[in-house]
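Now for the letters of each chain:
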Amino acid sequence: MKKWIRIKGVAAFAVITAVLVLFTFLFADRLVKKAIETTGTLIVGARVELADADLSFFPAGLSLTGLAVTNPDAPMRNAVEARRIALSIETAPLFFRKWILPEMSATGIRFDTERSRSGAVAGKEKATPPLKPGEKDGKTFSLPSLDMKDPRKILEQEPLASLEEAKKIQTDIKQLETKYKERIAALPDEAHFKAYEDRIKALKSGKSGWKALLSKASDLKKITDEIEQDLGTIKTVKKDLETDIQTLKTRVKALPSLARADYDRLEKKYGPSATGLDNVTSLLFGDAFKGKVATAVKWYKKIQPMLEKKKTDKNAPATETKEEAEVKRIRGKGIDIAFTEKRPLPDFLISNGSLEVEIPAGILAGTLKNVTAQQPLVGRPMALTLSGKKLKGIDSVALTAILDRVSPKTAGDRFTFSGTGIGIKPVGSEDSLRMQGASAAVTGKADISGGTTLDADLTAKLTQVRFATSTDQGKLQQALSRSLKEVKAFSIQGSASGPLDDYDLSISSDLDTILKKALKNATQELSVEFGKGLQAAIKEKTGSAFSATGSDLGGMTALDDTLAQKLQDGKNLM
Amino acid sequence: MIQLVANLLKLLNSEAEPAQISLALCLAMVLGFTPLFSLHNLIILFIICVVRVNLSACLLGWAIFSGIAWLIDPLFHGLGHWILTLPSLEGLWTSLYNLSLFRLARFNNTVVMGSLLTALVLFVPLFLVTNRLIAGYRTHLLAWVDKSRLMKIFKASKIYDVYKALA
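Report on the accompanying structure. Not measured: the values here are computed from a predicted model.

### Examining the overall build of chain B
Part 1 of the argument: Along its length, chain B carries 9 helices and 0 strands.
Part 2 of the argument: Sequence-ordered secondary structure for chain B, helices as α and strands as β, is α-α-α-α-α-α-α-α-α.
Part 3 of the argument: By residue count, 46% of the 167 residues in chain B fall in the buried class.
Part 4 of the argument: Partitioning the contacts of chain B with sequence separation of at least 6, the portion at a separation of at least 24 is 78%.
Part 5 of the argument: Here chain B displays about 8,800 Å² of accessible surface, and carbon together with sulfur accounts for 73% of that area.

Structure (structure tokens):
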């Protein structure tokens, strides 16, 4: 038995164990730093860096310094930065592989900061696919047309139905003229009727016996029948011609009405109108609103997977997805199967946190509670509050977020925002509309039910509004500038609703109503001027074609006269 | 590496008990199959240190079994998943799950459970088989191998020099 036991081995084991423990103590900070950077990078999809990590054992705690999380969509910018995060750790749950952090303090939190080097992860660069032809970049707000075009230039681009009809009438007249000339040519002419006359004269002379008289009467009947047949043919042609002339006359008569319809259509399309200005709010604030909502939704989607832990189904078959198979190739990885715990604790929990967020306007202070992906175990939703007063350009601002995943039935997230005395930066462009500044009181809320459906609305009351004079000397722009100069206050309502992947945005304001009313008179005056110009241009363009139809129709009437003459010649013989 | 191979050769041809070599390989199998930083490996390390098993065989075996484990990890996962989800054992696993020692041991991890179970099941058969193979080698093959042309080439190599130096 003695030869099987190595007493010195106990000492060797003790040394090895001591070295391992010492190694853990000495390099724990580096290991934690590496673990946070690696795991963070994996979750975010872009580089997560930490300047330093300091793990203390008695009492257990962790201090992180210089945390920088790269924005995966903009690798040269950090999505978030934190100067220092101090965490206290409960020791006992660590034996159950649970990270319970009763207190957290985060200071120097900043968003969207610049990076000195790219934080992109190899193979993770996202290329924005090019837009297909005709494809719009999301839901955009349209700009109102403030240009009053030259009517002549409009007519160069726009087809006129009246002109096209006049040209068609001319073509039809020419075709009919040719057709009737051919038909008239085939009808009995003067020589033909002269022949009848000669035959009748011949009957009058000659023998006068009863036999001769009987023969003459028969010939006369024959001549009469022939003449009547010819007259019938002429009458048919004349009737057809008269019908066609009548149709053409009706079409010619309708030309002015068509010209009027052209005028109405073009006046509506190109005429100065206040209706084109019913989305001034969208023009000024639409892009900003759209951008803010899109950014919020994008980050919500990124945070969303961290709110709920993926359950390990014990009964699920051990079939491998491709992703799982890849994970398993890493030595020693597998799935941790969870069983019922006597005293269930979440794998990770920050119970209470204090935050200090630095924004360009100053510092926001706030709290963060119940940060965990297993809210049902904690029984409370995750809650965030942030507020600040007397900041640079902002009197006060407050934000709250409740991310509730305690029960699947009532799962929903609510965000509220309020702020007063928020200085609005210049918006718009100098050649059309530009608001130089204003002070806003904003309230807003967003509900996301089931993590999928968005229902958000925002109200902003703007005071001390200052609009700039447009540099465009156009009449409508100047009228718009005059009206905007008088606007000192207005309110905006915005909303976003629908599925997170395809929500609808709307933004409206009483500024639109104010402007519409003020511009009504200005546009009326301009409309009259535009209308006269358009009318003259249409008349100029269609005039020659219209008069040509009248003269061409005269040619058709002359043909009718010819037929009337032929008919009279025939009747004279009778 | 050369030194390690030389050690093994020395070991195989030495007076070391075949059982000591076999046990070393079996312990190396547990160490190699299961994830290294597991609590049970501390026990394995203790046994390796205290029991007179051959360390060279253990190190070589660890390297070989780690390589095998890398290839068959999915099988360990499947086996672990199956055993951990057996309804009849749920009570046992739940009891162990509520003990901090077992939680630290990560018994509920599919790969840890699958690989440890495989290693434990193969432990005795491997011990017996390697024991017989080593004994057989020493009885029947050692003399023939020693005279073979391959061995003559080997004896002229650097490995043999190292082996001789260690012998």
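### Digging into the pairing of strand β11 (residues 434-449) of chain A
All names here are of chain A.
Part 1 of the argument: Where strand β9 (residues 412-424) lies against β11, 11 bridges are found, and the strand directions are antiparallel. Within β11, the position partnered with Arg414 by the bridge is Asp447.
Part 2 of the argument: In this sheet, β11 lies alongside strand β10 (residues 427-428) in antiparallel orientation, the contact comprising 2 bridges. Residue pairing across strands places Val427 opposite Met435, the latter belonging to β11.
Part 3 of the argument: As defined by bridge partners, β11 adjoins strand β12 (residues 453-467) across 13 bridges and the pair is classed as antiparallel. Within β12, the position partnered with Asp447 by the bridge is Asp455.

### Some thoughts on the nonpolar core
Soluble globular proteins tend to bury their nonpolar side chains together.
Residues and elements named next belong to chain A.
Part 1 of the argument: Core analysis: the biggest nonpolar cluster contains 70 residues, and Phe285, Met435, Leu454, Leu462, Phe467, Phe490 and Leu511 have the highest contact counts within it.
Part 2 of the argument: With 9 residues, helix α6 (residues 280-307) is the single largest residue contributor to this core.
Part 3 of the argument: Contacts of Met435, omitting those with residues within four sequence positions, involve Leu284, Phe285, Ile424, Lys425, Pro426, Val427, Leu462, Val465, Arg466, Phe467 and Phe490.
Part 4 of the argument: Core analysis: the next-biggest nonpolar cluster, separate from the first, contains 40 residues, Ile200, Leu203, Leu559 and Leu567 among them.

### So, the state of the cysteines
Chemically, a disulfide is nothing more than a covalent bond linking the sulfur atoms of two cysteines.
Part 1 of the argument: Tallying each qualifying case throughout the model produces 0 disulfides over all chains.
Part 2 of the argument: Looking at the unpaired B:Cys49, the closest cysteine sulfur is the one in B:Cys58, lying at 9.1 Å.

### A closer look at the pattern of salt bridges
Part 1 of the argument: This structure, assessed with the given rule, holds 30 salt bridges over all chains.
Part 2 of the argument: A salt bridge links A:Asp225 to A:Lys221, with the nearest nitrogen and oxygen atoms 3.2 Å apart. On the criterion of helical spacing, the pair formed by A:Asp225 and A:Lys221 is a turn pair, its members being 4 residues apart in helix α5 (residues 210-270).
Part 3 of the argument: One salt-bridge network, in which partners are shared between bridges, spans A:Lys98, A:Glu341, A:Asp347 and B:Arg103.

### A few points about a nonpolar patch on the surface
Part 1 of the argument: The grouping of A:Ile16, A:Leu20, A:Phe95, B:Leu39, B:Leu42, B:Leu99, B:Leu101, B:Phe102 and B:Leu104 at the surface amounts to a nonpolar patch, some 710 Å² of accessible area in total.
Part 2 of the argument: Put simply, the parts of the chain that give the nonpolar patch at least two residues each are α1 (8-44) of chain A together with α6 (100-104) of chain B.
Part 3 of the argument: In terms of residue count, α6(B) provides more of the nonpolar patch than any other element does, 3 residues in total.
Part 4 of the argument: Tracing the sequence through the fold places B:Leu39 in the loop between α2 (18-33) and α3 (40-50).

### As for the interface of chain B and chain A
Part 1 of the argument: Listed as interface residues are 42 residues of chain B and, on the opposing side, 36 residues of chain A.
Part 2 of the argument: A buried area of about 3,700 Å², summed over both sides, lies between chain B and chain A, and 58% of it is on carbon and sulfur atoms.
Part 3 of the argument: Where chain B packs against chain A, one counts 2 salt bridges.
Part 4 of the argument: Across the chain B-chain A interface, the total number found is 13 residue pairs in polar contact (both at pLDDT 80 or more).
Part 5 of the argument: Top contributing element to the side of chain B that touches chain A by residue count: helix α4 (residues 55-84) of chain B, with 10 residues.
Part 6 of the argument: Here the residues of the side of chain B that touches chain A are counted per class, giving 23 nonpolar, 13 polar and 6 charged.

### Describing the packing of helix α3 (residues 161-185) of chain A against α5(A)
All names here are of chain A.
Part 1 of the argument: Between α3 and α5, whose axes approach to 9 Å, the crossing angle comes to 170 degrees. With respect to α5, the axis of α3 lies roughly antiparallel.
Part 2 of the argument: Tallied by class, residues from the contact of α3 with α5 come to 14 nonpolar, 2 polar and 9 charged.

### Here we look at α4(B)
Part 1 of the argument: For α4(B), with 30 residues, the first-to-last C-alpha span of 34 Å runs short of the 44 Å given by 1.5 Å per residue.
Part 2 of the argument: At B:Ile72, α4(B) shows its strongest bend, of approximately 65 degrees, with the proline B:Pro74 following within four residues.

### Some details on the pairing of strand β2 (residues 60-71) of chain A
Residues and elements named next belong to chain A.
Part 1 of the argument: With respect to burial, β2 is a largely interior element, 10 of its 12 residues being buried.
Part 2 of the argument: As judged from the 9 bridges shared by strand β1 (residues 48-57) and β2, these two strands associate in the antiparallel manner. Residue Leu55 lies in a different strand from β2, and its bridge partner there is Leu62.
Part 3 of the argument: Counting the residues between successive antiparallel strands, the hairpin from β1 to β2 contains 2 residues.
Part 4 of the argument: The pairing of β2 with strand β3 (residues 74-88) spans 10 bridges and is antiparallel. Within β3, the residue paired with Leu62 across the bridge is Leu87.
Part 5 of the argument: Joining the antiparallel neighbours β2 and β3 is a turn of 2 residues.

### Some points on the packing of aromatic side chains
Any aromatic ring pair is given by two values, namely how distant the centres are and how the planes are angled relative to each other.
Part 1 of the argument: Taken as a whole, this structure holds 13 aromatic pairs over all chains when the rule is applied.
Part 2 of the argument: Ring geometry for A:Phe339 against B:Phe107: centres 6.4 Å apart, planes inclined by 10 degrees, an arrangement best described as stacked. Here A:Phe339 is found in the loop between α7 (322-329) and β5 (348-359), whereas its partner B:Phe107 is found in the loop between α6 and α7 (110-147) on a different chain.
Part 3 of the argument: The exposure class assigned to B:Phe107 is buried, which follows from its relative accessible area of 7%.
Part 4 of the argument: With a centroid separation of 6.4 Å and an interplanar angle of 25 degrees, the aromatic rings of A:Phe467 and A:Phe490 are classed as stacked. Taken as a pair, A:Phe467 in strand β12 and A:Phe490 in strand β13 (residues 490-499) lie far apart in primary sequence, 23 residues in all. The same class applies to A:Phe467 as to A:Phe490, namely buried.
Part 5 of the argument: Feature note: the residues A:Phe339, B:Trp93, B:Tyr97, B:Phe102 and B:Phe107 constitute an aromatic cluster, connected by ring pairs.
Part 6 of the argument: Seen from the ring of B:Tyr97, B:Arg103 lies directly overhead, with NZ or CZ sitting 3.7 Å from the centre.

### Thoughts on the side chain of A:Ser162
All names here are of chain A.
Part 1 of the argument: Relative to the helices and strands, Ser162 resides in helix α3.
Part 2 of the argument: Among the polar contacts made by the side chain of Ser162, one reaches the side chain of Asp262 at a distance of 2.7 Å.
Part 3 of the argument: Discounting chain neighbours no more than four positions away, the residues touching Ser162 are Leu255, Leu258, Ala259, Asp262, Thr542 and Phe546.

### Side note on the packing of α2(B) against α7(B)
Residue and element names in this part refer to chain B.
Part 1 of the argument: Two elements in contact, α2 and α7, have axes separated by 8 Å at closest approach and are oriented at 150 degrees. By the angle class used here, α2 and α7 are roughly antiparallel. For α2 against α7, the interelement crossing comes out right-handed. Of α7, the residues touching α2 (which contributes Pro18, Ala19, Ile21, Ser22, Leu23, Leu25, Cys26, Leu27, Met29, Val30 and Phe33) are Ser115, Leu116, Thr118, Ala119, Leu122, Phe123, Leu126, Phe127, Thr130, Asn131, Ile134 and Arg138.
Part 2 of the argument: Residues that form the contact of α2 with α7 fall into these classes: 17 nonpolar, 5 polar and 1 charged.

What counts, and where the lines are drawn
- Residues numbered from 1 in each chain as written.
- Chains lettered and ligands numbered in written order.
- Predicted model: local features only at pLDDT ≥ 70, side-chain atom pairs only at ≥ 80, totals over all residues.
- Heavy atoms only, no water.
- Helix = DSSP H or I, 4+ residues; strand = E, 2+ residues; numbered from the N terminus.
- Buried < 20%, exposed > 50% of the residue type's maximum accessible area, 1.4 Å probe, protein only.
- Contact = heavy atoms within 4.5 Å.
- Areas by Shrake-Rupley, 256 points an atom, 1.4 Å probe, with all protein chains shown as cover.
- Pairing = 2+ DSSP bridges.
- Core = buried A, V, L, I, M, F, W, Y, C linked by side-chain atoms within 4.5 Å.
- Disulfide = S-S within 2.5 Å.
- Salt bridge = Lys/Arg side-chain N within 4 Å of Asp/Glu carboxyl O.
- Patch = residues over 30% accessible without salt bridge, like charges linked within 9 Å, V, L, I, M, F, W, Y side chains within 5 Å.
- Buried area = accessible area lost by both parts, 1.4 Å probe.
- Polar contact = N/O pair within 3.5 Å; in protein donor to acceptor, adjacent residues only side chain to side chain.
- Nonpolar A, V, L, I, M, F, W, Y, C, P; charged D, E, K, R; others polar.
- Axes fitted to C-alpha atoms, helices over the stretch in contact; angles between N-to-C directions.
- Parallel < 35°, antiparallel > 145°, perpendicular 65-115°, else oblique.
- Expected span 1.5 Å × (residues − 1).
- Bend = angle between axes of the 7 residues up to and from the residue.
- Phe/Tyr/Trp six-rings, centres within 6.5 Å; stacked < 30°, edge-to-face > 60°.
- Lys NZ or Arg CZ within 6 Å of the ring centre and 35° of its normal.
- Left-handed = near helix turned anticlockwise from the far one by under 90°.

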